[in-house]
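Chain and residue survey
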Amino acid sequence: MDLADAPEEAEFRARLREWLAKALPTLPAKPSPEDWPARRAYDLGWQRMLYDAGYAHVHWDAPPGVRLIFLEETEKAGAPYVGANFVGLLHAGPTVAAEGTDAQRARWLPPILRGEEVWCQGFSEPGAGSDLASLRTRAWRDADHYVVSGSKIWTSHAEVADWCELLVRTDPRAPRHRGITWLAMPMDAPGVTVRPLRTLAGSAEFAEVFLDEVRVPVAHRVGEENDGWRVTMVTLSFERGTAFVGEVVACRRVLGELAGEARRNGRWDDPALRRRLGRLNAEFRALWRLTQWNVSEAQATGGVPGVRGSVFKLRYSHARQELYDAAADVLGDGALDLDRPWVLDRLSSLSYTIAAGTSQVQRNIVGERILGLPKER
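These notes cover the structure that comes with them.

Conventions used here
- Residues numbered from 1 in each chain as written.
- Predicted model: local features only at pLDDT ≥ 70, side-chain atom pairs only at ≥ 80, totals over all residues.
- Heavy atoms only, no water.
- Helix = DSSP H or I, 4+ residues; strand = E, 2+ residues; numbered from the N terminus.
- Expected span 1.5 Å × (residues − 1).
- Buried < 20%, exposed > 50% of the residue type's maximum accessible area, 1.4 Å probe, protein only.
- Core = buried A, V, L, I, M, F, W, Y, C linked by side-chain atoms within 4.5 Å.
- Contact = heavy atoms within 4.5 Å.
- Salt bridge = Lys/Arg side-chain N within 4 Å of Asp/Glu carboxyl O.

What follows deals with helix 4 (residues 64-76). Look at helix 4: 18 Å from first C-alpha to last across 13 residues, which is about the 18 Å you get at 1.5 Å a residue. In terms of burial, helix 4 is a largely internal element, eleven of the 13 residues being buried. Of all the positions in helix 4, only Pro64, Val66, Arg67, Leu68, Ile69, Phe70, Leu71, Glu72, Glu73, Thr74 and Glu75 are classed as buried. Following helix 4 by one or two positions, Gly78 has its phi on the positive side, about 80°.

With that settled, the discussion passes to the nonpolar core. The biggest cluster of nonpolar side chains holds 47 residues, and the ones touching the most others in it are Phe12, Trp19, Trp46, Phe70, Phe284 and Leu323. The set of elements that each furnish at least two residues to this core consists of helix 1 (7-23), helix 2 (36-53), helix 4, helix 8 (245-265), helix 9 (271-300) and helix 10 (308-331). Among the elements that line this core, the one with the most residues is helix 10, at ten residues. Setting aside its immediate chain neighbours within four residues, Trp46 contacts Trp19, Leu20, Leu24, Leu27, Ala79, Pro80 and Tyr81.

On to the pattern of salt bridges, then. Evaluation of the coordinates by the stated rule reveals 28 salt bridges. Two residues, Arg253 and Glu257, come together in a salt bridge whose shortest N-O distance is 3.0 Å. Linking Arg253 with Glu257, this pair stays in helix 8, spanning four residues, or about one helical turn. Residues joined by salt bridges that share partners form a network here, namely Arg13, Arg17, Glu72 and Glu73.

Quick look at the structure:
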């Protein structure tokens, strides 16, 4: 396999580097991690800059090589991550693009790309986390609206979101995977209450959301009624298969910084640590190759990532935890200082084996859908 840039990719890489060198110094100071309204404004401002420069489309309809170059170069340059745009840009938007009507695509996709609207994810519930199909939030038809009541938890960016990708149960008598519907709910609708949740790392990017007879237009349903589980699998394919790819580049950068810090503070003399960092280097190089495969496969199969995204998500979430455990070894006593680099990242890494489907769920998917093993009874 020839992994060198094609001529048009090399031209794109050079042009992007030049633009980043000019654009990044003009950004305002990054706001506090605890100030989500300010972070929303910052993240939307960056997305608007990308849109004006002609790079906003890269996540959705660029060739795979161009997309990966974009992720590499923006991370290497220290550009902002998608932040509050994560849900809309990396899985709600792609789901609408793949499953929505022409009217839905025209309404929701341009504002995401222009940095005008933020989406949150309303999937998990207090009693439906890993077992998502057991969700109990109800929606019943009333003329041209659904009336929704229930609650969601771990709702990403709900505090600052304009829209929510929401899973509801529209047929409680149907088998649990067949009575679910995917809705786009406006967060300013009457009956929506948001209660932020503070994480171990001190931020509040998640929230509880309470829904009290919220009216959502039937026109905001993506896919058919009671076909939401299939649409959800499309959403989760994006979330597991391609949404984390930029973070692999970030982890490779962090690994290099850890090696540099270990050389400065004397920890490099420990052969066990050197072996650990070397193995992680090989691991992240392999994950990057898997990323290239998954993105290319998605492009070849209509834009929706395949089940191999679960292989990536399973291994990446554990490798990320191992990376920041190694960071603690490099820092020594400094690993308890929240003001030191990588310490908060280590705390947040603990969630990665749960977020977007637990490791146990991913192992079941790999075993059943890739290896052909029998389903558990």
